[in-house]
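Chain residues, written in single-letter form:
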Amino acid sequence: MKWKRIPRPRAPLPAGRPPAAPDPGVWLPPARPPRHGLAMAKRSSLSIRIVEGKNLPAKDINGSSDPYCIVKVDNEPIIRTATVWKTLCPFWGEEYQVHLPPTFYAVAFYVMDEDALSRDDVIGKVCFTRDTLASLPKGFTGWAHLAEVDPNEEVQGEIHLRLEVVPGTPGGRLRCSVLEARDLAPKDRNGASDPFVRVHYNGRTQETTVVKKSCYPRWNETFEFELEEGAAEALCIEAWDWDLVSRNDFLGKVVVSVQRLCAARQEEGWFRLQPDQSKSQRGEGSLGSLQLEVRLQDETVLPSRCYQPLVQLLCREVKLGTQGPGQLIPIIEETTSTDRRQEVATNLLKLFLGQGLAKDFLDLLFQLELGRTSEANTLFRSNSLASKSMESFLKVVGMRYLHGVLGPIIDRVFEEKKYVELDPSKVEVKDVGCSGLHRPQTEAEVLEQSAQTLRAHLGALLSALCRSVRACPAVIRVTFRQLFRRVRERFPSAQYENVPFIAVTSFLCLRFFSPAIMSPKLFHLRERHADARTSRTLLLLAKAVQNVGNMDTPVSRAKEAWMEPLQPTVRQGVAQLKDFITKLVDIEEKEELDLQRTLSLQAPPVKEGTLFIHRTKGKGPLTSSSFKKLHFSLTTEALSFAKTPSSKKSTLIKLANIRAAEKVEEKSFGSSHVMQVIYTDDAGRPQTAYLQCKVQPQERVPGGHFWSSSPQCMNELNQWLSALRKVSVNNPGLLGAYHPGVFRGDKWSCCHQKDKTGRGCDKTRARVTLQEWNDPLDQDLEAQLICRHLLGVEDLLREKHRELSGDTETGTVPMGPGADPLAQLLQVLQDLRGAHSSSPPGPCPSEPSHLLELQT
């Protein structure tokens with residue numbers, strides 16, 4: 001065994017210089033401040049895609065299951081997918097990006113079966129340790145067998161130990177001090193445990209006292225054992241939950257090498273509790289499989305000054321456009337593989353968006369693509385850097401606009417739940433009429449009703465789109481204006497009259513609106529996936545939108561002749577869409593600046609929604625009934641509340657006063673969906689606001705089920721925590737520890753401490769956040785991601801430079817101020833490689849003790 005010290009993450013440094021100005025006409029949260037000094041910031045992120053499951057066991061009496069997934073990082077639930085009803089082969093297709101401290105241990109995927117009346121069943125799990133993911137540079141992609149979940153092997157938490165060897169004769173004494181534990185698994189119905197510790201060595205066993213109703217116990221008890229010369233036996237510390245009637249529940253154990261301890265003489269720290277490895281894993285392969293894509297990215301972000309040469313070089317290329325050398329952007333595209341192009345496009349787009357050059361960058365890509373396109377019907381149809389960058393651009397900048405246009409139409413489709421089908425080969429004839437007078441509905445009636453429904457939805461969507469010109473962010477309008485002009489210049493003849501319009505709709509309709517219509521859950525338009533009937537309606541609506549976006553060309557009509565009943569609406573929609581695009585791209589500089597000014601005065605909230613706040617006044621007990629429903633809004637200045645969304649808002653907490661945002665343990669309020677915001681008031685006194693996520697009323701789903709509030713509550717809670725942590729990440733005085741319970745009577749419910757202002761019993765998780773489309777721009781991180789990609793293709797870049805310069809030698813590339821842009825880029829990459837290898841990692845924040853992990 002060897003000791004491994006796990007460093008603690010460092011809090012971000014305070015702001016130094018002001019952030020770069022964003023693109024005009026689009027509101028974004030302020031960019032993260034640049035990093036100064038010599039220290040590097042280390043961060044980890046998990047890219048997760050939960051694709052589908054297959055061959056799951058049936059958990060319901062109808063021979064099926066209602067599966068969903070929960071993702072836990074170090075036993076902390078952070079993601080809950082939607083439930084797919086009545087299937088053993090569910091498809092989710094959900095993607096997430098999770099930011100974590102570099103010290104996380106494992107990520108686990110639990111497949112559950114949702115039950116309306118009883119506790120949800122556990123089907124199985126897949127677990128990846130951090131070390132496993134770190135050994136896979138491209139991540140894990142494929143099917144993984146589900147393993148059985150044994151509650152007795154599901155351990156979590158850490159235990160604080162002080163171990164020392166006391167000299168003496170004949171071999172001295174081994175002293176083990178059991179100080180405290182944190183985040184133990186709750187094993188009892190009250191949401192807690194009654195933990196005690198057994199210490200085994202050399203055939204002897206000693207036990208601590210039992211701490212009742214706590215997952216954060218404190219013992220401060222010391223045990224001694226006779227130490228024999230050359231003893232090879234290990235010291236075993238086991239945590240248990242005491243039960244009066246049934247068997248004690250195993251909470252985890254730590255095994256320490258006494259030989260190494262003798263060499264170190266003394267060690268103290270937090271030890272991660274481990275499961276009992278002696279029990280073999282059962283059921284693997286018989287519980288079905290889960291298809292996943294999981295990739296771990298560890299980034300070391302250098303101080304801002306290190307990236308300035310790279311950023312300046314790229315920005316200069318974009319500013320010069322096709323008038324300059326024009327080498328770097330096309331070379332980056334050429335050397336980027338297809339599977340990495342979307343990621344690189346997003347990084348470049350965010351970097352230039354933070355520099356105020358997004359529309360210039362996209363305009364350069366438009367010109368490059370038009371320059372190599374000879375056929376108008378193939379324009380922007382490939383997965384080029386231009387297409388991928390525009391997709392990312394619309395998602396980063398236009399998601400709020402998309403919600404405003406599509407949201408009401410999508411909601412109406414979900415609420416109506418009508419049977420819609422236009423393909424005669426797929427029509428299902430059903431009975432219609434009053435009770436006792438049923439008659440089969442004819443196929444013609446089904447097709448006509450379906451056409452009427454789709455015409456109504458399509459007409460409503462086009463009307464909403466045509467009314468949205470002023471609501472569209474100015475930076476999107478300006479970008480589409482440039483695209484429209486460039487395409488018209490490239491294809492000026494009358495036969496290509498529709499090509500500029502199709503170029504705009506190829507992005508707006510085909511790559512933005514249509515995917516959102518088909519998969520509203522993935523665009524955060526709905527919390528749940530659509531059922532089969534609603535999915536078919538959305539698919540047909542998306543096809544109709546695509547036909548309108550293609551300007552109703554004969555080719556699009558010929559593909560599916562059964563879409564003919566929608567043709568009158570499609571033809572009318574083409575005229576509406578052309579009129580909308582004409583108005584959309586008709587934006588001048590003055591209007592652009594006016595829109596920018598208006599939007600800057602009406603900055604949208606970072607997060608808003610209904611929460612229940614605990615009213616601390618009065619002498620009543622802390623129960624769920626003492627929560628009051630309010631509408632909350634989080635901006636970059638404060639957390640505010642109002643009775644309704646349209647009511648006058650009152651400030652609850654100033655953003656600069658937030659010290660931590662964390663979950664509250666379930667037993668405190670009888671709910672696992674309560675969070676606490678720890679802050680200081682105007683007088684500097686510490687305060688805590690308790691907020692609960694609750695979904696009301698319940699919504700009935702097909703088959704008589706009710707939506708359980710847990711999926712929406714879990715995701716909503718994690719989204720609020722993530723938003724609060726991100727907007728307060730640079731606050732001074734962020735806490736490193738907190739109390740996950742409440743102070744009831746004269747003590748904390750979590751650890752039973754009686755000092756109300758004492759240090760917390762659990763560590764904060766300020767760096768655990770979910771990536772959202774409206775996250776603050778972190779230009780240093782984007783520069784580092786671009787740097788890492790370019791370093792990965794450095795050999796290709798050098799080969800390209802030799803090809804362009806006509807130099808067949810494999811020696812060094814000529815550098816200096818007069819060198820060409822590609823040579824300058826290679827020099828910058830060489831400097832950044834040296835900076836990564838020479839700069840020391842940043843120091844870790846101080847804590848009362850360090851975390852130790854035993855490795856075999």
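Everything numeric here is computed off the predicted structure, so don't read it as measured data.

1. Things to note about the overall build of the chain
Moving on, step 1. Looking only at helices and strands, the chain has 19 helices and 32 strands in total.
Moving on, step 2. Classification of the 856 residues of the chain by burial places 54% in the buried group.
Moving on, step 3. Once local pairs closer than 6 in sequence are excluded, the contacts in the chain between residues at least 24 apart make up 70%.
Moving on, step 4. Surface accessibility of the chain: about 38900 Å² in total, with carbon and sulfur atoms responsible for 51%.

2. Some thoughts on helix H5 (residues 338-354)
It helps to recall that an α-helix has 3.6 residues per turn; residues three or four apart then point in one direction.
Moving on, step 1. With 17 residues, H5 extends 25 Å between its outermost C-alpha atoms, agreeing within 8% with the 24 Å of an ideal straight helix rising 1.5 Å per residue.
Moving on, step 2. Phi for Gly-356, located one or two positions after H5, is positive at around 75°.

3. Remarks on the pairing of strand S25 (residues 674-680)
Moving on, step 1. Counted residue by residue, S25 has seven buried out of seven residues, so it is predominantly covered.
Moving on, step 2. Burial along S25 is two-sided: the residues Val-674, Gln-676, Ile-678 and Thr-680 and Met-675, Val-677 and Tyr-679 are all buried.
Moving on, step 3. Looking at chain direction, strand S24 (residues 658-663) and S25 are connected through five bridges and run antiparallel. Following the sheet pairing, Ala-661 is matched in S25 by Val-677.
Moving on, step 4. Where S25 lies against strand S26 (residues 686-692), seven bridges are found, and the strand directions are antiparallel. Across the sheet, residue Val-674 finds its bridge partner in S26, namely Gln-692.
Moving on, step 5. Linking S25 to S26, which pair antiparallel, is a turn of five residues; within it Gly-684 sits at a positive phi near 85°.

4. Quick look at the pattern of salt bridges
Moving on, step 1. Inspection of every chain in the model, using the stated rule, returns 44 salt bridges.
Moving on, step 2. The partner of Arg-218 in a salt bridge is Glu-180, and the shortest N-O contact between them spans 3.5 Å. In this pair, Arg-218 is assigned in strand S13 (residues 218-226) and Glu-180 in strand S10 (residues 173-182), connecting sequence segments 38 residues apart.
Moving on, step 3. Assessed through its relative accessible area of 34%, Arg-218 is described here as partly exposed.
Moving on, step 4. Note that Asp-363 and Arg-486 form a salt bridge whose closest N and O atoms lie 2.9 Å from each other. Of this pair, Asp-363 sits in helix H6 (residues 358-371) while Arg-486 sits in helix H9 (residues 474-490), placing them 123 residues apart in sequence.
Moving on, step 5. Connected through shared salt-bridge partners, Glu-164, Arg-173, Arg-175, Glu-224 and Glu-226 make up one network.

5. What about the environment of Lys-86?
Moving on, step 1. Counting through the fold element by element, Lys-86 comes out in the loop between strand S4 (76-80) and strand S5 (91-100).
Moving on, step 2. The spatial distance from the C-alpha of Lys-86 to the C-alpha of Asp-66 is 5.2 Å, given a sequence separation of 20 residues.

6. Topic: unusual backbone geometry
Moving on, step 1. For Asn-55, which is not a glycine, the phi torsion comes out positive at approximately 55°.
Moving on, step 2. Looking at the secondary structure, you find Asn-55 in the loop between strand S2 (41-54) and strand S3 (67-73).
Moving on, step 3. Positive phi outside glycine occurs at Arg-265, with the angle close to 70°.
Moving on, step 4. Relative to the helices and strands, Arg-265 is located in the loop between helix H2 (258-264) and strand S16 (266-272).

7. With respect to the sheet that holds strand S11 (residues 195-201)
In a beta sheet, neighbouring strands are held together by backbone hydrogen bonds and run either parallel or antiparallel to one another.
Moving on, step 1. The four strands lie next to each other as S12-S11-S14-S15, forming an open sheet whose pairing is antiparallel. Looking at the sheet topology across the chains shown, the edges are occupied by strand S12 (204-207) and strand S15 (249-256). Along the sheet, successive strands turn relative to each other by an average axial angle of 20°, direction set aside.
Moving on, step 2. With six bridges joining them, S11 and strand S14 (residues 235-241) adopt antiparallel strand pairing. Note that in S14 the partner of Pro-195 across the bridge is Asp-241.

Calculation rules
- Per chain, the residues get numbers from 1 upward, laid out in the order the sequence is written.
- For a predicted model such as this one, the threshold for reporting local features is a pLDDT of at least 70, and the threshold for listing and counting side-chain atom pairs is 80 or more; totals across whole chains, interfaces and linings nevertheless cover every residue.
- Water and hydrogen atoms were dropped before computing side-chain values, which therefore reflect all heavy atoms in the structure.
- Every helix listed is a DSSP run of H or I at least four residues long, and every strand listed is a run of E at least two residues long, numbered separately from the N terminus.
- Only protein chains enter the accessibility calculation, which uses a 1.4 Å probe; a residue whose area is less than 20% of its type maximum is buried, one above 50% is exposed, and one in between is partly exposed.
- By definition, residues are in contact when any of their heavy atoms lie within 4.5 Å.
- Computed with a 1.4 Å probe, the accessible areas rest on the Shrake-Rupley method; for each residue, only the protein chains presented here act as cover.
- For a helix, the expected span equals 1.5 Å multiplied by the residue count minus one.
- Each pair of strands is called paired provided DSSP finds at least two bridges between the two strands.
- By convention in these notes, a salt bridge is any Lys or Arg side-chain nitrogen within 4 Å of a carboxyl oxygen on Asp or Glu.
- Angular values range over 0 to 180 degrees, each being the angle between N-to-C directions of two axes fitted as lines to C-alpha atoms, with helices fitted over their stretch in contact.

In short, geometric facts, not functional conclusions.
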